[in-house]
Amino acid sequence: NKEKQTIINKINIEGNSITRDKVLRSKITLEPGDYLLKHNKTKSLHRLNRLKYINSVKINEVEEEGFVDLDIEINENKKTGNFLLGGSFSGDVGLGLGLSIKDYNFLGTGNEIISTLDLNSERAIFKIEYSDYPSFNPRLKNTYSIYNLQNDLQSTYGYNQDQKGFGFKTNFELNDNVSLL
């Protein structure tokens with residue numbers, strides 16, 4: 001390697017008021033004691049910039065006596081949640097109501113939660129999805145879901161339908177272009 005061999009002394013993260021420091025450190029490929037390589041710095045910058053709750057990232061190097069301190073400046077998106085409320089009307093099922101709540105940085109953990117409720121005269125569905133990004137591997141995503149569906153098809157087909165379920169899926173990002181489900 002023809003790069004200058006400089007050892008990382010400290011990594012300082014600034015600008016994160018919601019996201020926990022531990023969450024951001026799990027996304028970077030640099031640690032104190034490592035050699036500072038341009039590839040790892042670029043990869044860390046790219047990973048942080050891809051997060052939905054980060055607007056922009058800047059990494060500054062401060063050299064001192066053969067060591068380097070990295071100052072990571074985070075411009076954090078403080079509005080990561082959404083609340084949607086909608087209504088509908090149909091000649092077939094009448095009035096309908098839809099409610100959805102989403103947050104892409106739930107309690108500063110970097111995890112996602114999506115909750116939906118849809119109601120009309122024939123159908124009621126409630127679903128919660130929680131996606132967890134383990135700190136030991138930032139390329140792994142586990143999603144847990146719980147749902148309850150009730151269809152009142154008595155007037156059209158002569159029966160009712162109830163479904164309850166729990167789901168789990170995992171996604172492993174091999175690289176920027178390939179993921180395994």
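Residues numbered from 1 in each chain as written. Predicted model: local features only at pLDDT ≥ 70, side-chain atom pairs only at ≥ 80, totals over all residues. Heavy atoms only, no water.

Enquirer: How should I be thinking about the sheet that holds strand β8 (residues 140-153) in this particular structure?
Expert: Adjacent strands of a sheet pair through backbone hydrogen bonds, lying either parallel or antiparallel. Taken together, 7 strands build an open sheet; the order of strands is β4-β5-β6-β7-β8-β9-β10 and the sheet is antiparallel. Strands with a single pairing partner mark the edges of an open sheet, and in this sheet they are β4 (81-90) and β10 (179-180). Looking at chain direction, strand β5 (residues 94-103) and strand β6 (residues 112-120) are connected through 8 bridges and run antiparallel. Bridging from a neighbouring strand, Leu-97 pairs with Leu-119 of β6. (Pairing = 2+ DSSP bridges. Helix = DSSP H or I, 4+ residues; strand = E, 2+ residues; numbered from the N terminus.)

Enquirer: I tried to follow the side chain of Asn-111 on my own but got confused; where do I start?
Expert: Tracing the chain through its elements places Asn-111 in the loop between β5 and β6. When near neighbours in sequence (up to four residues on either side) are disregarded, Asn-111 contacts Asp-103, Tyr-104, Asn-105, Phe-106, Tyr-130, Ser-131, Asp-132 and Tyr-133. (Contact = heavy atoms within 4.5 Å.)

Enquirer: Sorry if this is basic, but what is going on with the environment of Leu-107 here?
Expert: Mapped onto the fold, Leu-107 is located in the loop between β5 and β6. For Leu-107 and Leu-97, which are 10 residues apart along the polypeptide, the C-alpha to C-alpha distance reads 28 Å.

Enquirer: What is the right way to look at the nonpolar core in this model?
Expert: Soluble globular proteins: nonpolar side chains tend toward being buried together. Counting 18 residues, the largest nonpolar core has Ile-11, Leu-48, Leu-70, Ile-72 and Ile-74 as its most contacted members. Elements represented by at least two residues in this core include exactly β1 (7-14), α1 (21-27), β2 (54-64) and β3 (67-76). Among the elements that line this core, the one with the most residues is β3, at 4 residues. Apart from residues lying up to four places away in sequence, Ile-74 is in contact with Ile-13, Glu-14, Gly-15, Asn-16, Leu-24, Leu-48, Ile-54, Ser-56 and Val-57. (Core = buried A, V, L, I, M, F, W, Y, C linked by side-chain atoms within 4.5 Å. Buried < 20%, exposed > 50% of the residue type's maximum accessible area, 1.4 Å probe, protein only.)

Enquirer: Got a minute to help me understand the layout of surface pockets in this structure?
Expert: Unfilled space is identified by rolling a water-sized probe across the atoms. A volume near 450 Å³ is recorded for the largest pocket. The wall of the largest pocket is formed by 17 residues, among which Arg-50, Leu-51, Tyr-133, Pro-138 and Glu-173 lie closest to the centre. Within the residue set of the lining of the largest pocket, elements represented by two or more residues are β8 and β9 (159-173). Counted by class, the lining of the largest pocket contains 6 nonpolar, 3 polar and 8 charged residues. (1 Å grid on protein atoms, 1.4 Å probe; cavity = no way out; pocket = protein on both sides within 12 Å on 5 of 7 lines; lining within 4 Å. Points joined across faces, edges and corners; volume = space filled by probe spheres on them. Nonpolar A, V, L, I, M, F, W, Y, C, P; charged D, E, K, R; others polar.)

Enquirer: Which parts of the structure should I look at to understand the packing of aromatic side chains?
Expert: Note on aromatic pairs: each is described by the distance of the centres and the angle between the planes. Overall, the coordinates contain 2 aromatic pairs when judged by the stated rule. Aromatic pair Phe-106 and Tyr-130: ring centres 6.1 Å apart, planes at 80 degrees, arrangement edge-to-face. Here Tyr-130 lies in strand β7 (residues 123-132) and Phe-106 lies in the loop between β5 and β6, a separation of 24 residues in the sequence. (Phe/Tyr/Trp six-rings, centres within 6.5 Å; stacked < 30°, edge-to-face > 60°.)

Enquirer: How should I be thinking about the pairing of β8 in this particular structure?
Expert: Side-chain direction in a regular strand flips from residue to residue, so the side chains alternate between the two faces of the sheet. As defined by bridge partners, β7 adjoins β8 across 10 bridges and the pair is classed as antiparallel. Paired with Asp-132 across the strands is Asn-142, a residue of β8. Pairing analysis gives 14 bridges linking β8 to β9, with the strands arranged antiparallel. Each residue of the ladder has a partner; that of Leu-140, found in β9, is Phe-172. The turn joining β8 and β9, which pair antiparallel and follow one another in sequence, is formed by 5 residues; a positive phi near 85 degrees is taken by Gly-158.

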